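Fold and geometry: a report
The residues making up each chain are set out below.
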Amino acid sequence: MNLQDLPDVVFEKILSFLSFDEISKCRMVSRRFDCSCKILLNRGFLSAEKLRKKSFTAIRASLPRRESERRHHPMSRQCDILSALETRMALLSLTFSKYILGNQFCFIPGKVLDEIFEVLHLVNNSRPFTILPSSHEILQELRDISSMAMEYFEEEIVPKNNHLVSDRSKTSSKNLISESSSIRMCGHNKKTKLSCGKSNANVDWIKNSMETLRNKVLANQKVIQNQTLLMRKQSQHIRKLRKQIVELKGNLSDVLIKLSKDTKYKNETINRGGKKRKIVDALGTKEKKRRL
């Protein structure tokens, strides 16, 4: 039985016993190997991220709350290693996640995954109070490999992929244009053959349509004449209303003038009566003083 004839689950299980570096190299064998190896590499990167988060939360919980005590704690070295690993994995996800989600590439550097899992196993399998080397020493190899992988991916692989995508789009557009032009030519030839047989029928149809259009034009002309008569009547009525409005305005102005005159006369009479009362009151007070 051939190895590639196995089901996908069995085939991926067999490949999972290999290291990620070997899995990335097996992609060159065939398309079946390529598809299954891509799945395993992407799955490995996600599982590494999950394992890092889990171990980081466990170690962080064992540390004291005060920052001054954390620095002198023996488990602080593990926490520093995992935090530095987080930054390195974030850079890797920034470079590869865009293309992984677009199904253009997988997580290509399998050796980087092996190094990540080696660091995680070293941190997780270390005893609670064992002092590990510094994060710079442990992650030196990972920094070198990952930086080389990211540079090669951005400088070599991505430009080639963009060039291939542009070429494919151009060829596909040319094929579509050629297909559409051929379809149009076939349709044009068919139309020319059918047009000769249908020319007589078209002439009769045109005559009938012209007669119907003439009848419609005459009917529309009658409607327009009736509407013009109505417009004239309405304009005459509007003129009459305007004259009435002018007359009413004149009457209102006369009424307002009369009202203003009446109010002035009333005010004058009221003022005169008030002055007379004041004079009488003054004379009365003088007579009272004389009597006293």
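Note: the structure precedes this text.
Reference entry: report on the structure contained in this document. (Residues numbered from 1 in each chain as written. Predicted model: local features only at pLDDT ≥ 70, side-chain atom pairs only at ≥ 80, totals over all residues. Heavy atoms only, no water.)

The next subject is the overall build of the chain. A tally of regular secondary structure across the chain gives eight helices and zero strands. Tracing the chain from N to C terminus, the helices and strands come up as α-α-α-α-α-α-α-α. Across the 292 residues in the chain, those meeting the buried criterion constitute 22%. Here the analysis covers contacts within the chain between residues at least 6 apart in sequence; of these, 70% occur between residues at least 24 apart. Of the roughly 23,200 Å² of accessible surface on the chain, a fraction of 58% belongs to carbon and sulfur atoms. (Helix = DSSP H or I, 4+ residues; strand = E, 2+ residues; numbered from the N terminus. Buried < 20%, exposed > 50% of the residue type's maximum accessible area, 1.4 Å probe, protein only. Contact = heavy atoms within 4.5 Å. Areas by Shrake-Rupley, 256 points an atom, 1.4 Å probe, with all protein chains shown as cover.)

A full pass over the atoms with the stated rule returns seven salt bridges. Of the charged contacts, one joins Lys-25 and Asp-21 as a salt bridge, the two residues approaching to 3.9 Å between their closest N and O atoms. In this pair, Lys-25 and Asp-21 are both assigned in helix H2 (residues 20–25), four residues apart and thus about one turn of the helix distant. (Salt bridge = Lys/Arg side-chain N within 4 Å of Asp/Glu carboxyl O.)

Turning our attention to the nonpolar core. For soluble globular proteins, nonpolar side chains are generally found buried alongside one another. Within the largest apolar cluster, 43 residues are counted, with the highest numbers of intra-cluster contacts made by Leu-82, Leu-85, Leu-92, Phe-107, Val-112 and Ile-116. If you list the elements that add at least two residues to this core, you get helix H1 (8–15), H2, helix H3 (31–62), helix H5 (76–101), helix H6 (110–124) and helix H8 (140–291). Apart from the residues within four sequence positions on either side, Leu-85 is in contact with Arg-52, Ile-116, Val-119, Leu-120, Leu-139 and Leu-142. (Core = buried A, V, L, I, M, F, W, Y, C linked by side-chain atoms within 4.5 Å.)

So, on to the environment of Ala-48. Secondary-structure assignment places Ala-48 in helix H3. Separated by 66 residues in the primary sequence, Ala-48 and Asp-114 have C-alpha atoms spaced 9.7 Å apart. Excluding residues that lie within four positions of it along the chain, Ala-48 makes contacts with Met-89, Ile-116, Phe-117 and Leu-120.

The next subject is H5. For H5, with 26 residues, the first-to-last C-alpha span of 35 Å sits near the 38 Å given by 1.5 Å per residue. Remark: the principal bend of H5, roughly 40°, maps to Thr-95. (Expected span 1.5 Å × (residues − 1). Bend = angle between axes of the 7 residues up to and from the residue.)

The next thing to look at is the packing of aromatic side chains. One pass over the full model with this rule turns up eight aromatic pairs. Ring centres of Phe-20 and Phe-117 lie 5.6 Å apart, and the angle between their planes is 10°; on these two criteria the pair is classed as stacked. Placement of Phe-20 in helix H2 and of Phe-117 in helix H6 is noted, with a sequence separation of 97 residues between them. Residue Phe-117 is classed as buried on the basis of its relative accessible area, which comes to 16%. (Phe/Tyr/Trp six-rings, centres within 6.5 Å; stacked < 30°, edge-to-face > 60°.)

Turning our eyes to something else, we now look at the packing of H3 against H6. Look at H3 against H6: their axes get within 10 Å of each other, and the N-to-C directions meet at 20°. Judged by the angle between their axes, H3 and H6 are roughly parallel. Handedness of the crossing formed by H3 with H6: left-handed. Seen from H3, the contacting residues are Leu-41, Gly-44, Phe-45, Ser-47, Ala-48, Leu-51, Arg-52, Ser-55 and Ile-59; seen from H6, they are Gly-110, Leu-113, Ile-116, Phe-117, Leu-120, Val-123 and Asn-124. Across the contact of H3 with H6, the residue classes tally to ten nonpolar, five polar and one charged. (Axes fitted to C-alpha atoms, helices over the stretch in contact; angles between N-to-C directions. Parallel < 35°, antiparallel > 145°, perpendicular 65-115°, else oblique. Left-handed = near helix turned anticlockwise from the far one by under 90°. Nonpolar A, V, L, I, M, F, W, Y, C, P; charged D, E, K, R; others polar.)

What follows covers the side chain of Ser-24. Looking at the secondary structure, you find Ser-24 in helix H2. Residue Ser-24 is classed as buried on the basis of its relative accessible area, which comes to 18%. Every residue in contact with Ser-24, bar those within four places of it in the chain, is listed here: Leu-41, Ile-108 and Gly-110.

Glancing now at the environment of Ser-76. Checked against the element boundaries, Ser-76 lands in helix H5. Under the relative-accessibility criterion, Ser-76 is labelled buried at 14%. Along the backbone, Ser-76 and Ile-59 are 17 residues apart, and their C-alpha atoms lie at a distance of 8.5 Å. Every residue in contact with Ser-76, bar those within four places of it in the chain, is listed here: Leu-63, Arg-70 and Arg-71.

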